[in-house]
Amino acid sequence: MRQALVFGGSGQIGRALLARLQAAGWTALAPSRAPQPELPGVRWLRGGFEQTASPAAIDAIFSCGPLDGFARWYAQAPVAVPRVIAFGSTSVEAKRHSQDPHERDVAARLHAAESSLFATARVRGADATVLRPTLVYGAGRDATLTRIARLAHRYRAFVLPRGACGLRQPVHVDDLAEAAVRCLDAPASAGRAYATPGGEAVPYREMVARVLAALPSKPRLIELPSPAFALVLGAARLTGRAQGFGDAAVARLREDLVFDAAPAVRDFGYAPRAFRPQAGMFGF
Ligand SMILES: NC(=O)c1ccc[n+]([C@@H]2O[C@H](COP(=O)([O-])OP(=O)(O)OC[C@H]3O[C@@H](n4cnc5c(N)ncnc54)[C@H](OP(=O)(O)O)[C@@H]3O)[C@@H](O)[C@H]2O)c1
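The shown structure was predicted, so the numbers you read here are calculated from the model rather than taken from an experiment.

Trainee: What is the right way to look at helix 5 (residues 145–155) in this model?
Mentor: Think of an α-helix as 3.6 residues a turn; residues three or four steps apart then line up on the same face. Three or more residues of helix 5 are buried, namely L145, T146, I148, A149 and A152. The buried residues of helix 5 all sit within an arc of 160 degrees when viewed along its axis, so they share a single face. Looking at the buried positions of helix 5, the neighbouring elements they touch are strand 7 (136–137), strand 8 (157–161) and helix 7 (204–214). A positive phi of about 60 degrees marks R156, the residue just after helix 5.

This is the structure in structure tokens:
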């Protein structure tokens, strides 16, 4: 039986990955900084990157946690594992030229982490792959669509500025977990980073409308002219309900963030689903 070390196994993608690995006959060692519920085929190790020693008898390492932390751990831990598969983010490209210095810093750190990971793998003779998801949903724990669903349910409405038509490709956690497992048996994916977007590009307002239509309370989507939206957003910021939604994020509502899945389809048969949200995917 093959054994994997899975960082970030308690997270939304990580949980889906642990289930997929178990179904494929793997066992997993999964570090977590908090106590976790028992799962078949999983042995939880207590601690984060800093506390995790390099375990023996590991056939593959997966990282579904912060890529920079994982790249540092991998560079320092004396591990001789033939296969490493880690999740990064399309933010490495999308935020590279952001007007927001914090966002540019995120992109720079992701880029540095990817480079470090590939460099370490090369030195150790390991095959590394980075998967870069777009906007993740499906486990009812994401900070975008689930957050929108909760706010909309609570206030029976959700407000967007008019013209929020930038394309998005929401990607389901199970499709990402499947992609990671498929890479194991895809030699062409070694030494490469792939965009792993969802199976459909939808305008932002349409994406939100589909989420709202899936909720039992059927909240309304209200589209406001920019000045009126700015007032609503200002009030939401004052009350702490617009965390992480800065001016750069507002400006991006009109921008397409579209990534090409073709290399992932070609190299490991990536097959993400179209965006057909259901209430359960947002914890309802
Ligand atoms: N969510 C998105 O929309 C999105 C989009 C693009 C890319 N991604 C990337 O995909 C990956 C997984 O995202 P996710 O949304 O599934 O994550 P998540 O649900 O936020 O979970 C984060 C995971 O990282 C682990 N973690 C955090 N700090 C750690 C540390 N210091 N040491 C060890 N583990 C640590 C957590 O483990 P414990 O708390 O149990 O220790 C948890 O399992 C990340 O690399 C993320 O950047 C996410």
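Trainee: I would appreciate a short explanation of the packing of helix 1 (residues 12–23) against helix 6 (residues 173–184) in the present structure.
Mentor: How two helices pack is summed up by the angle between their axes together with the distance between the axes. For the pair helix 1 and helix 6, interaxial distance at closest approach is 8 Å and the crossing angle is 55 degrees. Put simply, helix 1 runs oblique to helix 6. Crossing geometry of helix 1 relative to helix 6 is assigned as right-handed. Here Q12, I13, A16, L17, R20 and L21 of helix 1 come into contact with helix 6, specifically with V173, D174, L176, A177, E178, A180 and V181. Of the residues assigned to the contact of helix 1 with helix 6, the class counts are nine nonpolar, one polar and three charged.

Cut-offs and rules
- Residues numbered from 1 in each chain as written.
- Predicted model: local features only at pLDDT ≥ 70, side-chain atom pairs only at ≥ 80, totals over all residues.
- Heavy atoms only, no water.
- Buried < 20%, exposed > 50% of the residue type's maximum accessible area, 1.4 Å probe, protein only.
- Helix = DSSP H or I, 4+ residues; strand = E, 2+ residues; numbered from the N terminus.
- Arc of directions from axis to C-beta.
- Contact = heavy atoms within 4.5 Å.
- Axes fitted to C-alpha atoms, helices over the stretch in contact; angles between N-to-C directions.
- Parallel < 35°, antiparallel > 145°, perpendicular 65-115°, else oblique.
- Left-handed = near helix turned anticlockwise from the far one by under 90°.
- Nonpolar A, V, L, I, M, F, W, Y, C, P; charged D, E, K, R; others polar.

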